[in-house]
Amino acid sequence: METYINNYVIVAIFIALGIFLPVAALTFGRLLRPNNPIEEKYTTYESGNEPVGTGQIRFNIRYYLFALMFVIFDVETVFLYPWAVAYNKLGLFALVEMLIFVSLLVVGLAYAWKKKVLQWNSI
């Protein structure tokens, strides 16, 4: 019974440290930083130029679709690299699994191509 209580005490100590250390670091930083608020510090900074227009504009959804497609195929590369490094040790089963994985990604690419997500037309 005592070992169970010791385990909970250790977890409680880690939770307390997980809360205390960030709060202490942020408080310590707030006390040390200079506080000199002036109006110019609250303006938007655009590479030294004066801001023009509003800060909130609508972006075309194609930007997000291209970013999502990049993330999907970037993750594919992350999964392919360790597999390729350890290919000799994995055997035929891993080859079949990777072929299934790549074929699913190819199906996704074909679907995106069919839906014309990859075409970039000017607005």
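Residues numbered from 1 in each chain as written. Predicted model: local features only at pLDDT ≥ 70, side-chain atom pairs only at ≥ 80, totals over all residues. Heavy atoms only, no water.

Per an unreviewed UniProt entry, the recorded name for the protein chain is NADH-quinone oxidoreductase subunit A, and the organism is Chengkuizengella axinellae. Under the UniProt heading Catalytic activity (unreviewed entry), the entry covering the protein chain gives this text: "a quinone + NADH + 5 H(+)(in) = a quinol + NAD(+) + 4 H(+)(out)". According to the UniProt record, the Subunit (unreviewed entry) comment for the protein chain reads "NDH-1 is composed of 14 different subunits. Subunits NuoA, H, J, K, L, M, N constitute the membrane sector of the complex." (UniProt positions renumbered as here; feature names shortened; annotations may be inferred.)

*Asks:* Hey, could you run me through the packing of aromatic side chains in this one?
*Replies:* Given two aromatic rings, one states the distance between the centres and the angle between the planes to describe the pair. Scanning all chains against the criterion turns up 2 aromatic pairs. Here Phe79 and Phe101 contribute two aromatic rings whose centre-to-centre distance is 5.8 Å and whose plane-to-plane angle is 90°, an arrangement assigned as edge-to-face. You can see Phe79 sitting in helix 2 (residues 61–85) and its partner Phe101 sitting in helix 4 (residues 92–114), a full 22 residues away along the chain. (Phe/Tyr/Trp six-rings, centres within 6.5 Å; stacked < 30°, edge-to-face > 60°. Helix = DSSP H or I, 4+ residues; strand = E, 2+ residues; numbered from the N terminus.)

*Asks:* Looking at this model, I keep getting lost on the packing of helix 2 against helix 4. Mind explaining?
*Replies:* Two quantities define a packed helix pair, namely the angle between the axes and the distance from one axis to the other. Where helix 2 contacts helix 4, the two axes come as close as 12 Å, and the packing angle between them is 165°. Between helix 2 and helix 4, the angle is such that the two are roughly antiparallel. For the pair helix 2 and helix 4, the sense of crossing is left-handed. Contact with helix 2, carried on its side by Met69, Ile72, Phe73, Glu76, Phe79, Leu80 and Trp83, involves Ala94, Leu95, Met98, Phe101, Val102, Leu105, Leu109 and Ala112 of helix 4 and no other residues of that element. When its residues are assigned to classes, the contact of helix 2 with helix 4 shows 14 nonpolar, no polar and 1 charged. (Axes fitted to C-alpha atoms, helices over the stretch in contact; angles between N-to-C directions. Parallel < 35°, antiparallel > 145°, perpendicular 65-115°, else oblique. Left-handed = near helix turned anticlockwise from the far one by under 90°. Contact = heavy atoms within 4.5 Å. Nonpolar A, V, L, I, M, F, W, Y, C, P; charged D, E, K, R; others polar.)

*Asks:* Could you clarify how one ought to interpret the UniProt feature "transmembrane region" (unreviewed entry) in the protein chain in this entry?
*Replies:* Taking the numbering used here, the UniProt-annotated feature "transmembrane region" (unreviewed entry) corresponds to residues 6–28, 63–84 and 90–113. Helix makes up 100% of residues 6–28 and strand 0%, and the two end C-alpha atoms of the span are 32 Å apart. The straight-line gap between the two end C-alpha atoms of residues 90–113 is 33 Å; of that span, 96% is helix and 0% is strand.

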